[in-house]
Each structure stands twice: as C-alpha cells, then as structure tokens.
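For reference, the chains in residue letters:
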Amino acid sequence: MNSVPQGSKLGPLLFSAFIDNILALIDIPFLLYAVDRVIYFQNGNLDFITQVLNRNQQKIQEWAQSNAMRVNTKKNGIRVVSQVS
C-alpha cells in the first residue's frame, strides 16, 4: 500500500514529507495545493516557454514514476495567457 487513508490526521504531514523532494526538481515558479500543482512561466518567446514547461513536466513525470505514482494526463493542460497588442 502506497497511500495514507483520506481524512487521517497524519495524512497532510505524511504527504508533505513524501513530495518534499519534488520541490527541488522544478526550476520555475509553481504552486502546490494538496495533490494539485500549477507551474507557470513568463517570457516573450512562446517556443521557449513551451520548452521550459515541457522540461519541467518531464521532471515531474519521472519523479512520479520513481515514487510509484502516476500523473493523470487527463487533468494536465497548458494555458497560454497573452496580451493583445
């Protein structure tokens, strides 16, 4: 069993300890909320943004596999926000 029962008092602490090493892998700004994460990057070059986001997504995928977890690709996505000039 690779999980902590939902609703347990130790659950959030154990989960935080479990994912602690992922924080060092991601080399761009990110937000974590429970089991969700948002990585974001700002640059004027869309190709560069795509490279950076894909590289970090690959790191997350590799981390998940090495920790007996999987990334739900159905819940992944990229959203581009830009200014209209």
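Scroll up to find the structure.
Residues numbered from 1 in each chain as written. Predicted model: local features only at pLDDT ≥ 70, side-chain atom pairs only at ≥ 80, totals over all residues. Heavy atoms only, no water.

A. Quick look at the overall build of the protein chain. When helices and strands are tallied, the protein chain shows two helices and two strands. In the protein chain, the succession of α and β elements from N to C terminus is α-β-β-α. Here the C-alpha radius of gyration of the protein chain, 15 Å, is well above what a compact globule of 85 residues would show, namely 12 Å. If one aligns the C-alpha atoms of the protein chain with their principal axes, the spans along those axes are about 50 × 25 × 25 Å. Taking all 85 residues of the protein chain together, the buried fraction comes to 16%. Considering only intrachain contacts with a sequence separation of at least 6, the fraction spanning at least 24 residues in the protein chain is 39%. A total of about 7300 Å² of accessible surface is found on the protein chain, and carbon and sulfur atoms cover 55% of it. Each charge sign in the protein chain was given a centre, from 8 positive and 5 negative side chains, and these centres are 10 Å apart. (Helix = DSSP H or I, 4+ residues; strand = E, 2+ residues; numbered from the N terminus. Rg over C-alpha atoms; globule rule 2.2 N^0.38 Å. Buried < 20%, exposed > 50% of the residue type's maximum accessible area, 1.4 Å probe, protein only. Contact = heavy atoms within 4.5 Å. Areas by Shrake-Rupley, 256 points an atom, 1.4 Å probe, with all protein chains shown as cover. Lys, Arg positive; Asp, Glu negative; His and termini not counted. Charge placed at Lys NZ, Arg CZ, Asp CG, Glu CD.)

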